[in-house]
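Coordinate analysis (summary)
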Amino acid sequence: MRFLLLLALASTLSTPPHPSTQPGHPLCTAAATFLRTDRSMAAIVEPDTIDDWRTQKKVPGCKITAAGGTARGVQPEAVAFYERIRAVGWTRTPDPRDAPNEASLRFRQGNVDCLFNVYGPAMLMTEAEDKAGETRALQAGEQRYHVYVMCMPAMPAAPRE
């Protein structure tokens, strides 16, 4: 009996917690707060490792998967999202190398750089995306939209060759 109890405990400890129960990551605090309070989105924060194009190294960071609702449509919502993030103090990174045609823009606040991606229906097919969508119910007249964010320590711009 004791062996079975120890085996069950070991199994529980080795299983990563559900994304919604993991503690927040310091690099994602400001972005998650913005998504939850300013944009009224459900946001799941998870630790992550990010490939940094400036150093060609993997750096510790975090990701946020958020779901919200919009009555104006996804494209106008994305424009409003980026206007609002600028208005609350985020600035473009010195050398963003982002993908504006894909609705992905890099912003900096303090010592953190975050890549924000605004998109419509679920497309990541992750547990975090499902959980965020389930948590944030749609109001009458709203359609679902998502924001995926990857945050890492702020770094200087990459040298141009």
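The residue numbering used here restarts from 1 in each chain and proceeds along that chain's sequence as written. Side-chain atom pairs in this predicted model are given and counted only at pLDDT of 80 or more, local residue features only at pLDDT of at least 70, and totals for whole chains, interfaces and linings cover all residues. Only hydrogens and water are set aside when side-chain values are computed; all heavy atoms of the structure are taken into account.

With that settled, consider unusual backbone geometry. In this structure, Ser 40 takes a positive phi of about 55° despite not being glycine. Each residue is assigned to one of three classes by its accessible area relative to the maximum for its type, calculated with a 1.4 Å probe on protein chains only: buried under 20%, partly exposed between the two thresholds, exposed over 50%. Relative accessible area serves as the criterion here: at 42%, Ser 40 is assigned to the partly exposed category. Non-glycine residue Met 125 carries a positive phi angle of around 55°. Here a strand is any run of E in DSSP of at least two residues, a helix any run of H or I of at least four, and the numbering for each starts at the N terminus. Counting through the fold element by element, Met 125 comes out in the loop between strand E5 (112–119) and helix H4 (127–135). Note on Met 125: relative accessible area 62%, which makes it exposed.

This part covers the pairing of E5. Counting buried positions over the eight residues of E5 gives eight, a clear majority of the element. Covered by surrounding structure in E5 are Val 112, Cys 114, Phe 116 and Val 118 together with Asp 113, Leu 115, Asn 117 and Tyr 119, the residues of both alternating faces. Pairing analysis gives six bridges linking strand E4 (residues 104–109) to E5, with the strands arranged antiparallel. For Ser 104, the partnering residue across the bridge sits in E5 and is Asn 117. Taken together, the eight bridges between E5 and strand E6 (residues 143–153) define a ladder with antiparallel strand orientation. Directly across from Asn 117, in E6, lies its bridge partner Tyr 148. Being paired, for any two strands, means DSSP has found at least two bridges between them.

Put simply, a salt bridge is a Lys or Arg side-chain nitrogen that is within 4 Å of an Asp or Glu carboxyl oxygen. Scanning the entire structure with this criterion turns up seven salt bridges. Measuring nitrogen to oxygen at the nearest pair gives 2.9 Å for the salt bridge that ties Arg 39 to Glu 77. Placement of Arg 39 in the loop between helix H2 (29–38) and strand E1 (42–52) and of Glu 77 in helix H3 (residues 74–87) is noted, with a sequence separation of 38 residues between them. Each member of the pair, Arg 39 together with Glu 77, is buried. The exposure class of Glu 77 is buried, given its relative accessible area of 4%. Among the charged side chains, a salt-bridge network with shared partners connects Asp 38, Arg 39, Arg 72, Glu 77 and Arg 84.

A word on the sheet that holds E5. If you walk across this open sheet you meet the six strands as E1-E2-E6-E5-E4-E3, and the pairing is antiparallel. Whereas interior strands pair on both sides, the edge strands pair on one side only; in this sheet they are E1 and strand E3 (91–92). Whether two residues touch is decided by their heavy atoms; if any such pair falls within 4.5 Å, the residues are in contact. Interaxial angle, 0 to 180 degrees, is taken between N-to-C directions of lines fitted to C-alpha atoms, where a helix line uses only the stretch in contact. Strands in contact with H3 are strand E2 (57–70), E3, E4, E5 and E6; relative to E5, the strand with the most contacts, it is inclined by about 160°.

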